[in-house]
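In case you want the letters, here they are:
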Amino acid sequence: QVQLVESGGGLVQAGGSPRLSCAASGSTFSRNNMGWYRQAPGKERELVARITSGGLTTYSDSVKGRFTISRDNAKNTLYLQMNSLKPDDTAVYYCNAYTIWTNYWGQGTQVTVSS
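Here is what the cut-offs are and how they apply
Residues numbered from 1 in each chain as written. Predicted model: local features only at pLDDT ≥ 70, side-chain atom pairs only at ≥ 80, totals over all residues. Heavy atoms only, no water. Pairing = 2+ DSSP bridges. Helix = DSSP H or I, 4+ residues; strand = E, 2+ residues; numbered from the N terminus. Axes fitted to C-alpha atoms, helices over the stretch in contact; angles between N-to-C directions. Core = buried A, V, L, I, M, F, W, Y, C linked by side-chain atoms within 4.5 Å. Buried < 20%, exposed > 50% of the residue type's maximum accessible area, 1.4 Å probe, protein only. Contact = heavy atoms within 4.5 Å. Polar contact = N/O pair within 3.5 Å; in protein donor to acceptor, adjacent residues only side chain to side chain. Salt bridge = Lys/Arg side-chain N within 4 Å of Asp/Glu carboxyl O. Disulfide = S-S within 2.5 Å.

## Quick look at the sheet that holds strand S7 (residues 67-72)
Read from one edge to the other, the open sheet built from four strands follows the order S1-S3-S8-S7, with strand pairing classed as antiparallel. With partners counted over all chains shown, the strands left at the sheet margins are strand S1 (3-7) and S7, one partner each. Direction aside, the axes of adjacent strands within the sheet are offset by 15° on average.

## Some remarks on the nonpolar core
Counting residues in hydrophobic clusters, the biggest one holds 27 residues, and the most contacted among them are Leu4, Trp36, Leu78, Leu80 and Tyr93. For this core, the secondary structure elements donating two or more residues are strand S3 (19-25), strand S4 (33-39), strand S5 (46-51), S7, strand S8 (77-82), strand S9 (91-98) and strand S11 (109-114). For this core, the leading source of residues is S9, giving four residues.

## Quick look at the environment of Asn33
Tracing the chain through its elements places Asn33 in strand S4. In the structure, Asn33 is positioned 19 residues away from Ala14 in sequence and 30 Å away in space, judged by C-alpha atoms. Those residues in contact with Asn33 that sit more than four places away from it in its chain are Ile51, Thr52, Ser53, Arg71, Asn96, Ala97 and Tyr98. Side-chain polar atoms of Asn33 contact the backbone nitrogen of Ser53, separated by 2.9 Å.

## Thoughts on the pairing of S8
Side chains on a regular strand alternate between the two faces of the sheet. Among the six residues that make up S8, five are buried, leaving the element largely enclosed by the rest of the structure. Pairing of S3 with S8 involves five bridges; the strand directions are antiparallel. Directly across from Ser21, in S8, lies its bridge partner Tyr79. Between the end of S7 and the start of S8, which pair antiparallel, lie four residues, with Asn76 showing a positive phi angle near 50°.

## Focus: the pattern of salt bridges
For the coordinates displayed, the defined rule picks out four salt bridges. Residues Glu46 and Arg38 are paired through a salt bridge, measuring 2.7 Å at the closest nitrogen-oxygen approach. By relative accessible area, Arg38 is classed as buried at 6%. Lys64 serves as the salt-bridge partner of Asp61, at 3.3 Å between the closest nitrogen and oxygen. Lys64 shares its class with Asp61; the two are exposed.

## Brief notes about the state of the cysteines
This structure, assessed with the given rule, holds one disulfide. At a sulfur-sulfur separation of 2.1 Å, the disulfide partner of Cys22 is Cys95. The S-S bond linking Cys22 to Cys95 shows a torsion near -80°; that makes this disulfide left-handed. One end of the pair, Cys22, is in strand S3; the other, Cys95, is in strand S9, and 73 residues separate them in sequence. Across this residue pair, the class does not change: Cys22 and Cys95 are buried.

## Quick notes on the pairing of S11
Across the two faces of S11 the burial differs, with Thr109, Val111 and Val113 buried and Gln110, Thr112 and Ser114 not buried at all. Summarising the sheet, S9 and S11 pair through three bridges and their orientation is antiparallel. Opposite Val92, over in S11, you have Gln110 as the bridge partner.

Laid out in structure tokens, this is it:
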């Protein structure tokens, strides 16, 4: 079992650079692949970025070049550095931990970008 708790969301002005954090507990963090997803009102949940247990990263086209996913295995924490935020980035951001056998989600943190 993995427990995931996101933090760092809130109201941000367009162009801002907040950092989201996801604190993990209950399992060996380093063995999990991790991801950030987001869900805007009226839309489906979508992938933002992923980082494998080995550190390989992938990004959606909509955030590539603006967002950076990283992990600190010593702190059991996943991060999402968001730069140059746009109003279209407004969504609930979810942390995800997965292996081939398991899939866990955090409760989400709201990010609202004002223009």
